[in-house]
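Here is how the chains run, residue by residue.
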Amino acid sequence: MNPLLVIKRIFDRRQKTTEIASVPLKSIDSNEVIHCVLVIVERFTREYDVAQSRLIGKLRTMSSTEAGVEEFNKIWQEFSRDMLTTPQWTYLLFPDECSEDKELLELVKKISNISAHSKSLLTPQLEDWIRSNLDLQNTGGLFNRLLLELKNNDPTTCGSFKFLSRFHTFKDILCGYFVRPELKVVQRTIFHQCYLQRINWKQGYCFDYPYQGFDKLAVSGVKPTEERLLRYEIDSFLKNEDKVLDIGSNGGFFSLALAEKVGSIDGVEYNPYLIQIANIAKDYLGISNARFIVADFVEWIPEDKYDAVFSMANHCTIDGNLSVGFEDYIAKIFTLMKPGGILFFESHNVFGPGEGGPGDDGDLDIKFDIVEKYFEVVQHKMVKTFVPDLDVDKLFVILQRREDVQHNVQRTFNLAKAKLHYDY
Ligand SMILES: C[S@@+](CC[C@H](N)C(=O)[O-])C[C@H]1O[C@@H](n2cnc3c(N)ncnc32)[C@H](O)[C@@H]1O
């Protein structure tokens, strides 16, 4: 069928749904946009989020002069139009609208294809649709709704990954457009994988927004890697020549940040979209000593033994993709490591009831009866959560692999005491 006919058909139907779905909200004057955006991005600032600080600084400077506001408006036009005509941005920023109205995404896909090949195929009707949804005076328009929802809700108390995901996505892309334009392409490629994950992968983490952040790419992430590493204070346990394994390496940002501290690092990750993200970031940053392997950790057999292993919130995964008992998991890590090697272990919820459910580490004493047969506890501490409303403080333990398994060893670890030990 002629693609223009398909678009027209979708467009006609879309007009009707938009009219029905319009919820009258406050209109936003174009002079207010910069202030509205500032209110949004100033929420939830984090110490090591350099990109966000730069964005806030830039927007404040822009808002203080007429020329600055004019420059803002120019970039904003480009930014908002791209958001509405690129499927990954549209889907991540308007999740409810896209799931309620399947044709919305189809329309955006068509527009994105057209603009790539020939702008002349953008009919006046489609241009009207784009314009009306970008118009902040249009109280039913998609952008009016987005800005007001982001402005009127607080990501630190919203209680939902869906909202946090929209908030961070919006802010990260703004960083790309306003302060780090060299990152626009790589961000677009990374978020394209988030979008593919949303469509194709059941049980993505954090509503498909990156779980791990990486300031180098202006991706805030739910867990900012740089800050996370500072909190763990692990540098003295790693050597330049170490061969390291990261189990469940997710989007690879944590492994890539570790790569500069060690000889080489392998990330094993089950989810192929996350592996794609890791490889995109690795290539962009020109990191050559990291390798990402799509595999089920349970089945995977490595070529060599490791000096250090990271098991960060991975001994039971809430996506249900890790199908192995706790002792088998620990025993497998033991076999992959050199004697004396270091295991970095991050818990799930140590405040849980200890009934063995997914993510419940209230039974960590029982689990450490097992762990200590294979590893000796070197030190541990509680580490504050990055999203108080959505996650809990985690226990971080550093362990050393024993020469041999010691079946009759007495456990030294005590969860009740460990839960009280915060060191900053
Ligand atoms: C809670 S996340 C932790 C990610 C990472 N370790 C961190 O702390 O930043 C769990 C990760 O394990 C991955 N995963 C789940 N089952 C897996 C399996 N069987 N093999 C490898 N990775 C798995 C998930 O896709 C996800 O990226």
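Predicted model, so just to flag it, every value in this text is computed and none were measured.

Next up on the list: the domain arrangement of the chain. Each domain of the chain was delimited in the assignment, giving domain 1 (3–179) and domain 2 (224–418). Using C-alpha coordinates to define each centre, domain 1 is positioned 37 Å away from domain 2. Listed per partner, the contact involves 10 residues of domain 1 and seven residues of domain 2.

Residues in close proximity to the ligand total 22 residues, the closest being Gly 248, Tyr 270, Phe 297, Met 312 and Asn 321. Residue composition of the shell around the ligand, grouped by class: 11 nonpolar, seven polar and four charged.

Taking 1.5 Å as the rise per residue, helix H10 (residues 161–178) with 18 residues should run 26 Å; its terminal C-alpha atoms sit 25 Å apart, in good agreement. With 15 of 18 residues buried, H10 lies mostly within the body of the structure.

This part is about the pairing of strand S6 (residues 306–312). For S6, a buried count of seven out of seven residues is recorded, marking the element as mostly surrounded by other parts of the structure. In this structure, strand S3 (residues 243–247) lies alongside S6, joined through four bridges in parallel fashion. Residue pairing in the sheet places Asp 246 in a bridge with Phe 310 of S6. As paired strands, S6 and strand S7 (residues 337–346) are joined by six bridges and run parallel to one another. For Tyr 306, the partnering residue across the bridge sits in S7 and is Met 337.

Here the focus is the sheet that holds S6. Read across the sheet, seven strands follow the order S5-S4-S3-S6-S7-S9-S8 without closing on themselves; strand pairing throughout is mixed. Each end of this open sheet is capped by a strand with a single partner; those strands are strand S5 (290–294) and strand S8 (375–383). The mean angle between the axes of side-by-side strands here comes to 15°, regardless of whether they run parallel or antiparallel. For S8 and strand S9 (residues 394–401), the ladder comprises eight bridges, and the chain directions are antiparallel. From the neighbouring strand, Gln 379 faces S9, where its bridge partner is Ile 398.

This brings us to unusual backbone geometry. Located in the positive-phi region is Asp 208, a residue other than glycine, with phi close to 75°. Along the chain, Asp 208 falls in the loop between helix H11 (184–200) and strand S1 (212–213). For Asp 208, a count of 25 C-beta atoms within 10 Å translates into the label buried. The backbone of Glu 233 sits at a positive phi, close to 50°, despite the residue not being glycine. Checked against the element boundaries, Glu 233 lands in the loop between helix H12 (225–232) and S3. Its 15 C-beta neighbours within 10 Å are what place Glu 233 among the partly exposed residues.

Reading the values: the criteria
- Residues numbered from 1 in each chain as written.
- Predicted model: local features only at pLDDT ≥ 70, side-chain atom pairs only at ≥ 80, totals over all residues.
- Domains from an automatic or database assignment.
- Contact = placed C-beta atoms within 7 Å.
- Near = placed C-beta within 6 Å.
- Nonpolar A, V, L, I, M, F, W, Y, C, P; charged D, E, K, R; others polar.
- Helix = DSSP H or I, 4+ residues; strand = E, 2+ residues; numbered from the N terminus.
- Expected span 1.5 Å × (residues − 1).
- Buried ≥ 20, exposed ≤ 12 C-beta atoms within 10 Å, placed from the backbone.
- Pairing = 2+ DSSP bridges.
- Axes fitted to C-alpha atoms, helices over the stretch in contact; angles between N-to-C directions.

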